[in-house]
Amino acid sequence: MSGDRVPGDARGIRTAALGAAAVHAIVAGAAILAGIEGTSEWFDQKDYHLPVIERFAAELPAPVLSDYRSATTPLYHLLMAVFERVGAGGLVLHAVNLAFGIALVAVFTRFVARRTGVLPALAAGCMLGLSPYVLSSSVWLTTDNLASLLLVLAFASSAGIACGCARMPVRCGAWAALWSLLAAGVRQIMLYTAAFPAAAVVARACAERRLPAIGSIAAASLAIVPSAALVAAFVVAWGGLVPPSFREYHGGGANPATAPYVLALVAIWGSAAFCAVPGFVRGLFAPRALIAAGLALVAACAVPTNYVVHVRFGGVLWSVAARLPAPFERSLLIVPLAAVGAAAIVSYLSVWSRSDDRAGRGVGAFALLALFGMTLAQTANSQCFERYMQPLVVVFCTIAAAAIAGRNARAWPFAVAAAVAHGLSAFNVFRLGG
């Protein structure tokens, strides 16, 4: 990350990135070799992604993209179809898919390590790499990790603008536009990543406690054009936001439960990341944090948050919520956690506002703006799946924490969260309890 407090520890950065990536590769590789079946991602691979890959491979060089059995744009499937077409199926496809997960963990960890140092970054990388959703997307053929990798690259490309350290902001915006274009080609919902350069301009202004220049926002917004054009072309081809085969399932309108669910995830995974910031825990009990919690509690009660199959389901929190009461369709798990998540964000912002590091404040604000953008984008999906949100909550909250804590970041909260993630993966991926 540009603007590090203690730059130049290239060996430590590599150590953290390679270490976290190796942990992810070993655990995911073991699951692949074990041939585990029966998970949600395994069903998605078997019923949707692999058949689409095989169909595209048979149709190359002119695959039919107007309708197919996946809810996403086709770049992932087309890439994998090339390997399938040349006869590199089976383990080779899984190896390529695993490489996306390894790259995601390595790039994310490297980004964090350039700010915090080796141990906190290594633990943070394991927190992401051992997530049941990042692991499952490396074990089975899904689009998630490739899309997340491209998102992190788009974010990293824009971070120099946010911290005010970019020597060539236009180049940063151009790279971000490219990565977001590819991300939107993998999952159309990733269109919001094209707004990262503009968000970075706003974040920089927040760090400097001034209004952003309209001209700068307008120039940065040009990065949206390529991705928007790509998604628009598919909307025309499909006659909607998803291929016709999935219009009823994923294109049924906005899901208002998504925002409370994201806040609930922030309460768990975001708080773990924010605990690495000195002063965060004390701020949780400050009046402004308690007021934010109360307001979030009221807002979360305004929408249904009970477990409903094919509307509000699919994830660890949903599985727990399904076993708890939900009076008046309001979950007794999701609603209180949403309040805690709001308090966590306000407590972080309190520490953020006291920081004298303008570069760190810029990147921290940028990460929270990206989290907000992700929440808005995911709300447009009628399905509220935890696997689409939890890894990105980890990514954005960890980057926000690293930006402010810097070399003072604590490693133990990330290590504890990594252990929890590994425990959840034992059930969700390795099926030890199933």
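Residues numbered from 1 in each chain as written. Predicted model: local features only at pLDDT ≥ 70, side-chain atom pairs only at ≥ 80, totals over all residues. Heavy atoms only, no water.

Any chance you could explain the overall build of the chain here in plain terms?
Regarding its fold elements, the chain presents 20 helices and zero strands. Its C-alpha atoms give the chain a radius of gyration of 21 Å, within 12% of the compact-globule value 22 Å for 434 residues. Considering only C-alpha atoms, the chain reaches an extent of 60 × 55 × 40 Å along its principal axes. Within the chain, the proportion of its 434 residues that are buried is 56%. Contacts in the chain between residues at least 24 apart in sequence constitute 81% of all its contacts with a sequence separation of at least 6. Accessible area of the chain: about 17100 Å², with a carbon and sulfur share of 69%. (Helix = DSSP H or I, 4+ residues; strand = E, 2+ residues; numbered from the N terminus. Rg over C-alpha atoms; globule rule 2.2 N^0.38 Å. Buried < 20%, exposed > 50% of the residue type's maximum accessible area, 1.4 Å probe, protein only. Contact = heavy atoms within 4.5 Å. Areas by Shrake-Rupley, 256 points an atom, 1.4 Å probe, with all protein chains shown as cover.)

Would you mind showing me how to read helix 20 (residues 412-428) here?
Along an α-helix, a turn takes 3.6 residues, which lines up residues three or four apart on a common side. The end-to-end C-alpha separation of helix 20 is 24 Å, in line with the 24 Å expected for 17 residues at 1.5 Å each. Restricting attention to buried positions, one finds in helix 20 the residues Pro 413, Phe 414, Ala 417, Ala 418, Ala 421, Ser 425 and Ala 426. Where helix 20 is buried, its residues contact helix 5 (118-129), helix 6 (132-139), helix 13 (258-274) and helix 19 (390-405). (Expected span 1.5 Å × (residues − 1).)

Explanation requested: the confidence of the model for the chain in the structure shown.
For any part of a model where pLDDT is low, the fine detail of the predicted coordinates should not be relied upon. Confidence in the prediction of the chain, expressed as mean pLDDT, is 94, and 97% of residues score 70 or more. This model gives residues 1-8 a pLDDT under 50, and the stretch forms 22 contacts once residues within four places in sequence are excluded. (pLDDT = per-residue confidence, 0-100.)

Got a minute to help me understand the packing of aromatic side chains in this structure?
Note on aromatic pairs: each is described by the distance of the centres and the angle between the planes. What the rule picks out here adds up to 18 aromatic pairs. Here Phe 56 and Tyr 68 contribute two aromatic rings whose centre-to-centre distance is 5.3 Å and whose plane-to-plane angle is 70°, an arrangement assigned as edge-to-face. Residue Phe 56 is found in helix 2 (residues 40-59), and its partner Tyr 68 is found in the loop between helix 2 and helix 3 (75-85); the two are separated by twelve residues along the sequence. Taking the relative accessible area as the measure of exposure, Tyr 68 reaches 1% and is therefore buried. With a centroid separation of 5.8 Å and an interplanar angle of 25°, the aromatic rings of Trp 175 and Trp 179 are classed as stacked. Within this pair, Trp 175 and its partner Trp 179 are both found in helix 8 (residues 169-186), separated by four residues, close to a single helical turn. You can call Trp 175 partly exposed: its relative accessible area is 43%. (Phe/Tyr/Trp six-rings, centres within 6.5 Å; stacked < 30°, edge-to-face > 60°.)

I'm lost on unusual backbone geometry in this one. Help?
Across the chain, the bulk of peptide bonds are trans and the bulk of non-glycine residues have phi less than zero. Cis peptide bonds are those with omega within 30 degrees of zero, and the linkage from Leu 60 to Pro 61 qualifies with 10°. Position of Pro 61 among the secondary structure elements: in the loop between helix 2 and helix 3. Of note, Phe 328 is a non-glycine position whose phi angle comes to about 55°, a positive value. Given the relative accessible area of 77%, Phe 328 is considered exposed.

What should I look at first to understand the environment of Phe 274 in this one?
Topologically, Phe 274 is positioned in helix 13. Once you skip the residues sitting within four places of it in the chain, Phe 274 turns out to touch Val 266, Phe 280, Ala 344, Ile 345, Tyr 348, Cys 397, Ala 400 and Ala 401.

Can you help me understand the state of the cysteines in this one?
A covalent bond bridging the sulfur atoms of two cysteines is what the word disulfide describes. A complete count under the given rule lists zero disulfides for this structure. Looking at the unpaired Cys 397, the closest cysteine sulfur is the one in Cys 275, lying at 12 Å. Residue Cys 397 is classed as buried on the basis of its relative accessible area of 1%. (Disulfide = S-S within 2.5 Å.)

Got a minute to help me understand a nonpolar patch on the surface in this structure?
On the surface, Leu 75, Trp 175, Leu 178 and Leu 182 cluster together into a nonpolar patch covering about 320 Å² of accessible area. If one sorts the elements of the nonpolar patch by residue count, helix 8 sits on top with three residues. (Patch = residues over 30% accessible without salt bridge, like charges linked within 9 Å, V, L, I, M, F, W, Y side chains within 5 Å. Salt bridge = Lys/Arg side-chain N within 4 Å of Asp/Glu carboxyl O.)

So what exactly am I meant to see when it comes to helix 11 (residues 224-238) here?
If you check helix 11, its first and last C-alpha atoms are 21 Å apart, about what 15 residues at 1.5 Å a residue would give, namely 21 Å. Taken together, the buried positions of helix 11 are occupied by Ser 227, Val 231, Phe 234 and Trp 238. Within helix 11, the buried residues cover an arc of 55° as seen down the axis, which keeps them to one side. Seen from the open side of helix 11, the exposed residues pointing more than 90 degrees away from its buried face are Val 225 and Val 236. Once helix 11 finishes, Gly 239 follows within two positions and takes phi at roughly 75°, a positive value. (Arc of directions from axis to C-beta.)

Would you take a moment to explain the packing of helix 7 (residues 144-163) against helix 8 for this structure?
Helix-helix packing is characterised by the crossing angle of the two axes and by the distance between the axes. In the contact formed by helix 7 and helix 8, the axes pass within 8 Å of each other and the chain directions differ by 165°. As summarised for this structure, helix 7 and helix 8 are arranged roughly antiparallel, according to the angle between their axes. Where helix 7 crosses over helix 8, the two elements pack in a sense that is left-handed. Mapping the contact onto sequence places Leu 146, Ala 147, Leu 150, Leu 153, Ala 154, Ser 157, Ser 158 and Ile 161 in helix 7 and Pro 169, Cys 172, Gly 173, Trp 175, Ala 176, Trp 179, Ser 180, Leu 182, Ala 183 and Val 186 in helix 8. Of the residues assigned to the contact of helix 7 with helix 8, the class counts are 14 nonpolar, four polar and no charged. (Axes fitted to C-alpha atoms, helices over the stretch in contact; angles between N-to-C directions. Parallel < 35°, antiparallel > 145°, perpendicular 65-115°, else oblique. Left-handed = near helix turned anticlockwise from the far one by under 90°. Nonpolar A, V, L, I, M, F, W, Y, C, P; charged D, E, K, R; others polar.)

Explain the packing of helix 8 against helix 11 to me, please; I cannot follow it from the model alone.
In contact at an axis separation of 8 Å, helix 8 and helix 11 are set at 15° when each is read in the N-to-C sense. Judged by the angle between their axes, helix 8 and helix 11 are roughly parallel. Read as a crossing pair, helix 8 and helix 11 show a hand that is right-handed. Touching Ala 177, Ser 180, Leu 181, Ala 184 and Gly 185 of helix 8 are Pro 226, Ser 227, Leu 230 and Val 231, all from helix 11. Of the residues belonging to the contact of helix 8 with helix 11, the class tally is six nonpolar, three polar and no charged.

In this structure, what is going on with the environment of Ala 220? I would like to understand it.
By secondary structure assignment, the location of Ala 220 is in helix 10 (residues 214-220). Taking the C-alpha atoms as reference points, Ala 220 and Ala 17, 203 residues apart in sequence, are found 30 Å from one another. Residue contacts for Ala 220: discarding those within four places in its chain leaves Pro 197, Ala 198 and Val 201.

What should I look at first to understand the pattern of salt bridges in this one?
Where charged atoms from two side chains of opposite charge approach closely, those side chains can pair. Taken as a whole, this structure holds eight salt bridges when the rule is applied. The partner of Lys 46 in a salt bridge is Asp 47, and the shortest N-O contact between them spans 2.8 Å. Looking at Lys 46, the relative accessible area reads 38%, which means it is partly exposed. Note that Glu 208 and Arg 210 form a salt bridge whose closest N and O atoms lie 2.5 Å from each other. By relative accessible area, which is 26% here, Glu 208 ends up partly exposed. Overlapping salt bridges, with partners in common, bring together Asp 44, Asp 144, Arg 187 and Arg 387 in one network.

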